[in-house]
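One letter stands for each residue in the lines below.
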Amino acid sequence: MSTDFKGMDVVSIRDFSREQIEHVLRLADKMVPIAKGDERSVMLEGRILGTLFYEPSTRTRLSFESAMARLGGRSLGFSEAKVASVAKGETLADTIRMVDSYCDLIVLRHPQEGAAKLAGHFASRPVINAGDGAGQHPTQTMLDLFTIRKEKKKVEGNNVVIVGDLKYGRTVHSLSEALAMFGAQLTFVAPPSLQIPKEHLKAIEAMGHKPKISTSLEDAIKDADVLYVTRIQKERFPDPSEYQKVAGMYRIDLNMLKQVKSDLIIMLPLPRVTEIAPEVDSTPYAKYFDQAFNGVPVRMALLALVLGGAK
Ligand code: ASP
């Protein structure tokens, strides 16, 4: 597969080979001083990013906007469906057709799985999926891989324990397949009702991996090199009483960390509700705020590649 991403839609992590992801991560490394504001760039001067967020977001939207601004470009868009014409009944297709003529690239977050793919059909500009319901979150995966590679030197060979809502958690759907592609070992910890969907398990097994499936975080955490914590996705439960049964089931606190490897890293795409106790934040294991920053250089790299500002 080529590393020329100009004009490409970024819908699923399956759109990328390992080599292509590594290309993004290498460019992201170079973007770090600009992402921090230590160096200036005008690489995307005159370019406009459209950010259409039909679901809440803090990090994804703001890091995309920061990434665009750091490269000299500008952003427009909305962060709530109720302020856009969708509140008057406008279809996604019509909104996309319109925004397509106002910007050079569209970043879309939408509650429906498949929305980004659909948007890609209606847009002549590239579309980046910033989360489609319980589907995929490919740019989160890239920043997750960037974080693991930075903290652990490489992704390959790490024992990654992924805990929480593996059914509805889109970050996990993208990340687990990418981790398998990069040669990490996987353990999925969740209540049976929220375990990783078969579709993803099959894709991982087809790459020659045999992930462990467990309900016990206490068992799994001892051998973990990376602990990837996810929020129980309350908003995706059709029945609120089902959410109540699993809410707060896994919580990482200092007690839980007594038997872990000394170089364990804990990641979390954020937001957190009760998944990680605040006292864990000041331990050397906690990498989730660094992970959130890494969204900026990674998204800078992706914007530059898709808009053709970088090779
Ligand atoms: N921010 C992530 C997402 O949009 C994770 C989460 O919401 O729990 O998928």
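Before reading on, note that the structure itself is shown above.
Since this is a predicted model, take the numbers as computed values, not measurements.

### Focus on empty space enclosed by the protein
Part 1: By the definition in use, this model includes one cavity of 30 Å³ or more.
Part 2: Estimated volume of the largest cavity: approximately 60 Å³.
Part 3: Taken together, Arg59, Thr60, Gln140, Leu143, Leu268, Pro269, Leu270, Tyr288, Gln291, Ala292 and Arg299 make up the full set of residues lining the largest cavity.
Part 4: Contributions of two or more residues to the lining of the largest cavity are made by α2 (59-70), α5 (138-152) and α10 (288-306).
Part 5: No other element matches α10, which puts four residues into the lining of the largest cavity.
Part 6: Here the residues of the lining of the largest cavity are counted per class, giving six nonpolar, three polar and two charged.

### Side note on the pattern of salt bridges
Part 1: Under the defined criterion, the tally for this structure stands at 19 salt bridges.
Part 2: Put simply, arginine 61 and glutamate 65 hold a salt bridge, and the shortest N to O gap is 3.4 Å. Here the residue arginine 61 and the residue glutamate 65 both occupy positions in helix α2, the gap between them amounting to four residues, near one helical turn.
Part 3: Here glutamate 242 and lysine 245 are joined by a salt bridge, their closest N and O atoms 2.9 Å apart. In this pair, glutamate 242 and lysine 245 are both assigned in helix α9 (residues 240-246), three residues apart and thus about one turn of the helix distant.
Part 4: Here glutamate 242 falls in the partly exposed class, since its relative accessible area comes to 34%.
Part 5: Salt bridges here are not isolated pairs; linked through shared partners, they connect Arg14, Glu177 and Glu199.

### Observations regarding the environment of leucine 92
Part 1: Mapped onto the elements, leucine 92 comes out in helix α3 (residues 92-100).
Part 2: Put simply, leucine 92 and alanine 119 are 27 residues apart on the chain and 7.4 Å apart in space, counted from C-alpha to C-alpha.
Part 3: Once you skip the residues sitting within four places of it in the chain, leucine 92 turns out to touch Tyr54, Leu108, His110, Ala115 and Leu118.

### Things to note about the packing of helix α1 (residues 18-35) against α5
Part 1: Packing of α1 against α5 leaves a shortest axis separation of 10 Å and a crossing angle of 70°. Relative to α5, the element α1 is oriented roughly perpendicular. Every pair of crossing elements has a handedness; the one defined by α1 and α5 is right-handed. Seen from α1, the contacting residues are Ile21, Val24, Leu25, Arg26, Ala28, Asp29 and Val32; seen from α5, they are Met142, Leu145, Phe146 and Arg149.
Part 2: Each residue belonging to the contact of α1 with α5 can be placed in one class, and the counts come to eight nonpolar, no polar and three charged.

### Structural notes on the packing of α1 against α10
Part 1: Contact geometry of α1 with α10 gives a least axis separation of 7 Å together with a crossing angle of 115°. The element α1 and its partner α10 pack so that their crossing is right-handed. Note on element contacts: α10 touches α1 through Phe293, Val296, Pro297, Val298, Met300, Ala301, Leu302, Ala304 and Leu305, opposite His23, Val24, Leu27, Ala28, Met31, Val32, Ile34 and Ala35.

### Section: the nonpolar core
Part 1: In this structure, Leu145, Ile162, Leu179 and Leu303 are the most contacted members of the largest nonpolar core, which totals 69 residues.
Part 2: When sequence neighbours within four positions are dropped, the list of residues in contact with leucine 145 reads Ile21, Leu25, Val155, Leu175, Ala178, Leu179 and Phe182.
Part 3: Counting 24 residues, the second largest nonpolar core, distinct from the first, contains Val163, Leu227, Tyr250 and Leu268.

### What to know about α3
Part 1: Leu92, Ala93, Thr95, Ile96, Val99 and Asp100 are the residues of α3 that are buried. For α3, the angular spread of buried residues about the axis comes to 165°, placing them on one side.
Part 2: Of the surrounding secondary structure, the elements contacted by the buried residues of α3 are β1 (48-53), β2 (74-78), β3 (105-110) and α4 (115-122).

About the cut-offs
Residues numbered from 1 in each chain as written. Predicted model: local features only at pLDDT ≥ 70, side-chain atom pairs only at ≥ 80, totals over all residues. Heavy atoms only, no water. 1 Å grid on protein atoms, 1.4 Å probe; cavity = no way out; pocket = protein on both sides within 12 Å on 5 of 7 lines; lining within 4 Å. Points joined across faces, edges and corners; volume = space filled by probe spheres on them. Helix = DSSP H or I, 4+ residues; strand = E, 2+ residues; numbered from the N terminus. Nonpolar A, V, L, I, M, F, W, Y, C, P; charged D, E, K, R; others polar. Salt bridge = Lys/Arg side-chain N within 4 Å of Asp/Glu carboxyl O. Buried < 20%, exposed > 50% of the residue type's maximum accessible area, 1.4 Å probe, protein only. Contact = heavy atoms within 4.5 Å. Axes fitted to C-alpha atoms, helices over the stretch in contact; angles between N-to-C directions. Parallel < 35°, antiparallel > 145°, perpendicular 65-115°, else oblique. Left-handed = near helix turned anticlockwise from the far one by under 90°. Core = buried A, V, L, I, M, F, W, Y, C linked by side-chain atoms within 4.5 Å. Arc of directions from axis to C-beta.

So far we have only geometry, and geometry alone does not tell us how the molecule works.
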